Amino acid sequence: MDASRHKVDGENDNCGATLAAVNLNVLPDEILEFIFTYLPPYGDLEHCSLVCKRWHAIVKNLVRRSKLNLEKGLTDFRLRWEVFSQQTVNGGAGAPLSFIAGRFAHSAVRQGNSMYVFGGGSSSDTTFNDLWRFDLTHMRWARPVATGTYPSPKGSASMVAWRDQLILFGGWRYPSLHPPYQPWCLFDELHYYDLGKNRWLLRSSLSSPPPMAGHSATVHGDRMVVFGGYQIKDDFNVNSNDTWVLDLPEQRWWQPLFVGNTRPSPRYGQIQVELGKNHLLIVGGCGGANRVYTDAWLLDMTRDVWSWKSIAVRNKRFGAVHMWCNPGCKVNNYLVVVGPSPNMPQDFQMMKQSRVPVVGGRGPPPPNPLQNVPPRGYRIPVPDRRLGGGLGGPGQNRGGNIRPGVGGAAAALGPQEQYLANRRAILNQHMQQAQQFLHNSNVNNNNNNYQPRSGRLSDLHAPPAPAAAASPPSPPVRPNAPPSPADGDVDAAQRLQRNLALRCRDNEPRLPKRFDELYEDPFRMAAFNVPTRSRSASRDHNERIRRMEEKMNAIRNSRRSAPAAAQVEPQPLRAPSPKRLRCNVQSLFVCDISSILDSSEPALEWVEYKNFGVLKGAPDRLILSSLIAGNGELILFGGVHKETLTDITHHVSNSIHFLSVPRDII
């Protein structure tokens, strides 16, 4: 035993001496470069470049190659997503780790080997005012202990890096139904954050932009250019297309002069890209409901008088369509946008439901009831209207030179007054039909020809029909008639009359439909807007039901009669295919912006995606997240699930996803 043990120890000593004699410099440059790819492309790679001249050249070649591979991977869609797992981080023996809370609509920027994140919305409709730093080298979160004047809790603010400082401007605070009950507010605060001293500095000037949020900002030399945003002027929500410039060393705001009136439409949430010292690019944005922009604008700042120029967009069918709530960033000559898959249903396709004419309605399009509404405090002269919709009385001439009985009297009424008159006319017509139905039911006990609803929604807004000849009065109903089998029909007619009276209110399109009434969907296509037939009216409906019951009974009997050994075990449900699982994930959209400044006809072109832009390991679909460019990779952080925005508690994320090129053996 002792001899064998000494033999093993001798072999181990020889192996250790052999390994100690091996030097990394013996390996070829290609092998060393491949080994360095497993290091984070930040602090560790910089330290390797300081070892010797050979390693410095290898690291320099690796950085250049990683940039080229990322550009090639963007055009070929040969990339992969990697998620940063906070559970796998080792903080040392017993050292507590700090993690950032989930958030959305935050501000993020990369400075050196760190990513800084400020503010944003929480899962309970509150906002943060904390600043976090993510060390890209060691993959750890840390919250700097800062001093000075802290910014207010807010989200949708702009934050850029300039020299060794962070510039934070604007933002808004979300309303909250929970403590601390933050009120909704916009901000015009301008803060400087000194990275070396960890200190917040509040700056103010006489002339400054109005409070805004959702704007965009880029740094060009020693000036920060701010465009657009969401503002409130005179108690109205306004989208802006103004441009403001901040002189960063002097901390002074000013507005440039422009050539002509050509400029982008007012918007917020757009993507702003820096194209050198004297140019910037604006892409996308939102101007309100049903106004999601996909255009592009170039700002030329080479002269004293600046100018906007519209840029042609090619291959729009491969471009992103939600460039207001989804992030984007610039990677050399490409604009990268992360958004929903193209095969997902698009937002803002259905307008807010309002009173629209039913397909097939008669007459001109109905006027808007809220159009030409007088200002508050103005008293509208209401004419004397009767139930029949006619106008009469001497008080009618006060509103204008209109004589009673003339057909032009209806044209003098406003849209709202005309709607009320037509509504009373239809209600009176239904009441007369109900009375006639009661008489016919008591006399003939027959109501087969009665229609529960003869009017249409479009008749409420249609111009009044000319006065027809007075119909003969209906015969009176006998008050002391003996009970008959038709009493149930009489009760049904009374309920129907009450329903008709209820249906003639202002909010009629929003009331639930009755099963015995015809429903005409104004949003249905005209080719398919036909009354549907009840399933029970089909001739072979009962026959199909009988055949289905016989088939089910035969299957049950066969299973009962079969022996226990012959019974087939129930198969487990198959998992859905990967395509079904990956339908609600983030997709990648790439736009080539290399020919904007070089050619005489500037244009940007969307690159044709593959597999709808869905890559391996794609994260779930989130909105209001941040996307920044790293060293040979893209970093996606935060966001909120759109489906949970209407809930009391939102589903927000604090995960980090890295988009990089797969490692290949060189």
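Just so you know, the residues in each chain are numbered from 1, in the order the chain's sequence is written. Local features are withheld for residues below a pLDDT of 70 in this predicted model, meaning they are given only at 70 or higher, and side-chain atom pairs are given and counted only at 80 or more; totals for whole chains, interfaces and linings count all residues. Each side-chain value is derived from all of the structure's non-hydrogen atoms; neither hydrogens nor water enter the calculation.

A. Geometry of the overall build of the protein chain. Looking only at helices and strands, one finds nine helices and 30 strands in the protein chain. Buried residues are those whose accessible area, probed at 1.4 Å on protein chains only, stays under 20% of the maximum for their type, while exposed residues exceed 50% and partly exposed ones sit between those limits. Among the 666 residues that make up the protein chain, the fraction classed as buried is 38%. Any two residues whose heavy atoms approach within 4.5 Å are treated as being in contact. Sequence-distant contacts in the protein chain: of pairs separated by 6 or more residues, those separated by 24 or more amount to 62%. Helix and strand assignments follow DSSP, with helices taken as H or I runs no shorter than four residues and strands as E runs no shorter than two, numbered in order from the N terminus.

B. Representation of the sheet that holds strand 13 (residues 216-220). Any two strands with at least two DSSP-identified bridges between them are counted as paired. Read from one edge of the open sheet, four strands run 13-14-17-18, paired in antiparallel fashion. Two strands in the sheet have a free side with no partner beyond their single neighbour: strand 13 and strand 18 (252-254). Sheet twist, expressed as the average angle between the axes of neighbouring strands with direction ignored, equals 25°. Relative to strand 17 (residues 243-247), strand 14 (residues 223-227) runs antiparallel, the two being bridged by five bridges. What sits directly across from Val 226, in strand 17, is Trp 244. Axis lines are fitted through C-alpha atoms, for helices just across the contact stretch, and the angle between N-to-C directions can take any value from 0 to 180 degrees.

C. Quick look at the sheet that holds strand 1 (residues 80-84). The antiparallel open sheet is built from four strands, whose spatial order is 1-30-29-28. Either end of the sheet is taken by a strand with one partner, and the two such strands are strand 1 and strand 28 (626-629). On average, adjacent strands in this sheet sit at an angle of 25° to one another, irrespective of strand direction. As paired elements, strand 1 and strand 30 (residues 656-660) share five bridges and run antiparallel to each other. From the neighbouring strand, Phe 84 faces strand 30, where its bridge partner is Ile 656.

D. Local environment of the environment of Asp 620. Within the element layout of this structure, Asp 620 appears in the loop between strand 27 (603-606) and strand 28. On the basis of relative accessible area, Asp 620 is assigned to the partly exposed category, the value being 44%. With 36 residues separating them in the primary sequence, Asp 620 and Asn 584 have C-alpha atoms 6.4 Å apart. Other than its neighbours up to four places away in sequence, Asp 620 contacts Asn 584, Val 585, Gln 586 and His 641.

E. Structural detail: the packing of helix 2 (residues 29-36) against helix 4 (residues 53-76). Their axes nearest at 10 Å, the elements helix 2 and helix 4 cross at an angle of 60°. Between helix 2 and helix 4, the interaxial angle falls into the category oblique. In this structure, helix 2 meets helix 4 at a crossing whose hand is right-handed. Taken together, the residues of helix 4 that come into contact with helix 2 (itself represented by Asp 29, Leu 32, Glu 33 and Phe 36) are Arg 54, Trp 55, Ile 58, Val 59, Asn 61, Leu 62 and Arg 65. Here the term charged refers only to Asp, Glu, Lys and Arg, the term nonpolar to Ala, Val, Leu, Ile, Met, Phe, Trp, Tyr, Cys and Pro, and the term polar to all other amino acids, Gly among them. Looking at side-chain class alone, the contact of helix 2 with helix 4 contains six nonpolar, one polar and four charged residues. Oblique is the label for any angle not under 35 degrees, not over 145, and not in the 65 to 115 range, which are roughly parallel, roughly antiparallel and roughly perpendicular in turn. Throughout, a crossing is termed right-handed when the near helix is turned clockwise from the far one, and left-handed when it is turned anticlockwise from it by less than a right angle.

F. Main features of the nonpolar core. Buried Ala, Val, Leu, Ile, Met, Phe, Trp, Tyr and Cys residues that are joined via side-chain atoms within 4.5 Å together make up what is termed a nonpolar core. By size, the foremost hydrophobic cluster in this structure holds 43 residues, and its most contacted members are Leu 281, Leu 588, Leu 604 and Trp 606. Beyond its immediate sequence surroundings of up to four residues, Leu 588 is in contact with Leu 74, Phe 77, Leu 79, Val 336, Val 337, Val 338, Tyr 609, Gly 613, Leu 615 and Leu 659. Formed by 15 residues, the second largest nonpolar core is a distinct cluster that contains Ile 100, Met 115, Trp 132 and Ile 635.

G. Representation of the packing of aromatic side chains within the structure. Pairing of aromatic side chains here covers Phe, Tyr and the six-membered ring of Trp, requires ring centres within 6.5 Å, and sorts the geometry by plane angle: under 30 degrees stacked, over 60 edge-to-face, intermediate tilted. Within the structure shown, the criterion is met by 20 aromatic pairs. Between Trp 254 and Trp 306, the aromatic rings sit 5.9 Å apart at their centres with planes inclined by 65°, giving edge-to-face as the arrangement. Linking Trp 254 in strand 18 with Trp 306 in strand 23 (residues 305-314), this pair joins segments that are 52 residues apart in sequence. Exposure remark for Trp 254: the relative accessible area of 29% places this residue in the partly exposed category. Within the aromatic cluster, the residues linked to one another by ring pairs are Phe 84, Trp 132, Phe 134, Trp 141 and Phe 637. A ring is scored as having a charge over it whenever the NZ atom of a lysine or the CZ atom of an arginine sits within 6 Å of its centre and within 35 degrees of its normal. Positioned over the ring face of Phe 128 is Arg 103, at 4.3 Å from the centre of the ring. Here the guanidinium or amino end of Arg 267 rests over the ring plane of Tyr 293, the centre of that ring lying 4.3 Å away.

H. Up close: the confidence of the model for the protein chain. Note on scores: pLDDT gives the predictor's confidence for each residue, bounded by 0 and 100. When pLDDT is averaged across the protein chain, the result is 74; 61% of the residues are at 70 or more. Segment residues 505-537: pLDDT under 50, and 49 contacts once partners within four positions in sequence are set aside and those in other chains are kept. In the predicted structure, residues 570-581 sits below a pLDDT of 50 and forms one contact with residues beyond four places in sequence or in another chain.

I. Seen up close, unusual backbone geometry. We note that Asn 332 has phi near 55°; this positive angle belongs to a residue other than glycine. With respect to the element layout, Asn 332 can be found in the loop between strand 24 (328-331) and strand 25 (334-340). What makes Asn 332 partly exposed here is its relative accessible area of 37%.

J. Local environment of the side chain of His 657. Mapped onto the fold, His 657 is located in strand 30. The exposure class assigned to His 657 is buried, which follows from its relative accessible area of 12%. If we ignore the near neighbours within four places in the chain, the residues touching His 657 are Trp 81, Glu 82, Val 83, Pro 619, Leu 634, Ile 635 and Leu 636.

K. Examining helix 4 more closely. Multiplying 1.5 Å by the residue count of a helix minus one yields the expected span of that helix. For helix 4, built from 24 residues, the straight-helix expectation of 34 Å at 1.5 Å per residue is met to within 8% by its first-to-last C-alpha distance of 34 Å. Those residues of helix 4 lying buried are Trp 55, Ile 58, Val 59, Leu 62, Leu 70, Glu 71, Gly 73 and Leu 74. Where helix 4 is buried, its residues contact helix 2, helix 3 (43-48), strand 24, strand 25 and strand 26 (586-592). Taken from the residues just after helix 4, Phe 77 is the one with a positive phi, measuring 55°.

L. Focus on the pattern of salt bridges. One side-chain nitrogen of Lys or Arg within 4 Å of one carboxyl oxygen of Asp or Glu is enough to make a salt bridge. On inspection of all chains with the given rule, the structure shows eleven salt bridges. Arg 80 is the partner of Glu 82 in a salt bridge, and the nearest nitrogen-oxygen pair spans 2.8 Å. Here Arg 80 falls in the partly exposed class, since its relative accessible area comes to 23%. With its nearest N and O atoms 3.4 Å apart, the salt bridge here joins Lys 154 to Glu 189.

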